[in-house]
Amino acid sequence: MTNFDLYNPTNYIFGKGQIAKLSELIPKNSKILLAYGGGSIFKNGIYDQVKSALSGFEIVEFGGIEPNPRFETLMKAVEIIRNEKITFILAVGGGSVIDGVKFISGAVNFEGDAIEILKKRVLFKDVSKVIPFGTVLTLPATGSEMNSGAVVTIEATQEKLTLGGSALFPKFSICDPTVVASLPKRQLENGVVDAFTHVMEQYLTYPHDALLQDRFAESILQTLIEIGPDVVKNPSDYKLASNFMWCATMALNGLIQKGVPSDWATHMIGHELTALYEIDHARTLAIIGPNLYRVLFETKKEKLAQYGERVWNVDGKSIEEKATQAIEKTVEFLHKMGMDTKLSNYTSDYEKSADFIVDRFEERGWKAMGEKQNITLEKVRQIVEMSY
Ligand code: NZQ
Ligand code: ZN
C-alpha cells in the first residue's frame, strides 16, 4: 500500500428530515447566498424546507446554475458576494450546483483573473481565503458533497476544466434520501452510472496490495448493481434511495482511492464529449469506459479478471477470458441502466471528436494518462474512434 493522508473535514449529515438542522449548522449572523440550479427545488418542496429551516437568516438568492456549470454564470454570483458582503454560501442541488459553489467560494478572494483558476488548475489550500459553504444534496451521483473537487465549463471556449484543493470541502452536507423521489428517470440512471464509474476509475487498474480498498470498491459496485435498476423504477423506496445516496458519496469521498493507483482517463475523455456535444456526464462515461478497458486490456486484464470473478461471478478458464466477460457484463449493466454506449446514438457529428480531443490533450500536455501513464494520444484516438 502506498503512503497516504486521509483528510475529510465535511460534516456529513444523512437521513430523513435532516434539512431542518440547517440553522444549527450555519454560523449565527451569517449573510447567506442560497445557490440553486434551474428550479427543480421549487417543484419538489426542497426550497420550502430550506427556507423554513433558515427563518431569521439574511438570505440572498442566486438561481440559474446550469448542469455543467458555466464560468460566465458563476462569476455573476462572485460579484453578488463581493457587493453584498455575503459570509456563507449554501448550495442546494446536484453536482453542478455544488461544483459551481466551490468555484464561487474560491473565486471571491482570488487575486488575478478568475479564469486562471480553471486554466491553471489553481489549488485552494487556505480556508481563510475562501468563502465557507455547505450543501443540501438533491441528486446522488458525483460525490461532490463530500469531496473538494469541481468541474466548470468555460462557455466561450467550450472547455470543461477541473479545480479543487483542501480548502474546498463543504463545511457540511445534508443528504436526505427522500430527495431521490423527485428525480427524473434520466438523472437516476446518470447517478448510478457516474458513481459506478468513479469506483472503476479508482479500482480497475492493476493488482496491488491494498486489500481492504479493493473490498471497499467491490462492495460499492455490488451494491450499485443490486439496487441500481430498482431505484430507477422505485425512487421513493427509502431503502433503495438511501443505499444509492450513500454509495454515491462513498464512491468519491476519497476513501477508496487512498493508498492505491487510479486512472481517471475515462473522465478526462468524457468531459470533452460533454464540452463538445453537451452529453450528460454519466453517459459520456458509459460511451468511453468499456472501450478504454478494451484498448488497455493488457494493462488492466488482471484487475478486470478479479472484478469479473468477485463482482460478477464469472468463471472463465483464463485471465483473458474472465477479463473479457467482465467487460461484457459491464456493458450489459450500462444498457440495463438506460445508457446508450455509442457516440453515434447521441450525435451525427461524431467524426470530428477524435481529432478535437487529441488536439486538446496535446495542447494541455496530457500525453501520458492512466495509472501507468501509458494512455498516449494514439490510444486516446483509438478509444474515441472505437466509441463511434
Ligand atoms: O438545475 P435543477 O433545476 O436543480 O435540475 C437538475 C438538473 O437539471 C436536476 N435535479 C437535481 N436534483 C433534482 C433534480 N430534478 C428533480 N429532482 C431533484 N431532486 O438534475 C439535472 C442534473 O443536475 P446536475 O447537478 O447537473 O447533475 P449531477 O449531480 O450529475 O452533476 C453533474 C456535474 O458534476 C460534475 C459533472 O462533470 C457535471 O458537471 N462532476 C463533479 C464531480 C465532483 N465534483 O467530484 C465528479 C464527477 O465525476 C463529475 O465530473
Ligand atoms: Zn463522474
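Rules behind the numbers
Residues numbered from 1 in each chain as written. Chains lettered and ligands numbered in written order. Predicted model: local features only at pLDDT ≥ 70, side-chain atom pairs only at ≥ 80, totals over all residues. Heavy atoms only, no water. Helix = DSSP H or I, 4+ residues; strand = E, 2+ residues; numbered from the N terminus. Buried < 20%, exposed > 50% of the residue type's maximum accessible area, 1.4 Å probe, protein only. Contact = heavy atoms within 4.5 Å. Areas by Shrake-Rupley, 256 points an atom, 1.4 Å probe, with all protein chains shown as cover. Expected span 1.5 Å × (residues − 1). Bend = angle between axes of the 7 residues up to and from the residue. Near = heavy atom within 4 Å. Polar contact = N/O pair within 3.5 Å; in protein donor to acceptor, adjacent residues only side chain to side chain. Domains from an automatic or database assignment. Buried area = accessible area lost by both parts, 1.4 Å probe. Donors = N, O, S within 2.8 Å, 3.2 Å for Na, K, Ca; no water.

Undergrad: Could you give an account of the overall build of the protein, naming the residues involved and the relevant values?
TA: In terms of helices and strands, the protein carries 15 helices and eight strands. Referenced to the eigenvectors of the C-alpha coordinate spread, the extents of the protein come out at roughly 65 × 45 × 45 Å. Looking at the protein residue by residue over its 388 residues, the buried ones come to 59%. Nonlocal contacts in the protein, meaning residues at least 24 apart in sequence, comprise 78% of its contacts between residues at least 6 apart. Approximately 15900 Å² of the protein is accessible, and the part contributed by carbon and sulfur atoms is 49%.

Undergrad: Any chance you could break down helix 12 (residues 297-312) for me, citing the residues and the numbers?
TA: Taking 1.5 Å per residue as the helical rise, helix 12 with its 16 residues ought to reach 22 Å, whereas the 18 Å between its terminal C-alpha atoms falls clearly short. By the largest-angle criterion, K303 marks the main kink of helix 12, which is about 35 degrees. Summarising burial for helix 12: twelve of the 16 residues are buried, a large majority. Within helix 12, burial applies to F297, T299, K300, K301, K303, L304, A305, Q306, Y307, G308, V311 and W312. Its buried side turned inward, helix 12 meets helix 7 (185-203), helix 8 (211-233), helix 11 (281-295) and helix 13 (319-336). Immediately downstream of helix 12, the backbone of N313 shows phi near 55 degrees, a positive value.

Undergrad: I'd like a description of the site of ligand 1, backed by residues and values.
TA: Taken together, 33 residues surround ligand 1, and among them G38, G95, S96, K160 and H198 come closest. Here G38 contributes a backbone N or O atom positioned 2.7 Å from an oxygen atom of ligand 1. A distance of 2.7 Å separates a nitrogen atom of ligand 1 from a polar side-chain atom of D99. Here ligand 1, which alone exposes 960 Å², has 89% of that area covered by the protein. Mapped onto the shell around ligand 1, the elements with two or more residues apiece are helix 5 (95-107), strand 6 (149-154), helix 7 and helix 10 (265-277).

Undergrad: Run through the domain arrangement of the protein, naming residues and quoting values.
TA: Splitting the protein by domain gives domain 1 (11-179) and domain 2 (185-386). One C-alpha centre belongs to domain 1, the other to domain 2; they are set 27 Å apart. Each partner contributes to the interface: domain 1 provides 27 residues, whereas domain 2 provides 23 residues. Taken over both partners, the interface formed by domain 1 and domain 2 buries close to 2100 Å², and the fraction arising from carbon and sulfur atoms is 59%. Per-residue buried area on domain 1 facing domain 2 is highest for P140, Q158 and K160; these three make up 27% of the total on that side.

Undergrad: Residues and numbers for the coordination of the zinc ion (ligand 2), please.
TA: Listed as protein donors to the zinc ion (ligand 2) are D194 (OD), H198 (NE2), H267 (NE2) and H281 (NE2); their distances from the metal cover 2.0 to 2.1 Å. In the primary structure, the donors to the zinc ion (ligand 2) are separated according to the pattern D-x3-H-x68-H-x13-H. Of this pair, H198 sits in helix 7 while H281 sits in helix 11, and the two are 83 residues apart along the sequence. Each member of the pair, H198 as well as H281, is classed as buried.

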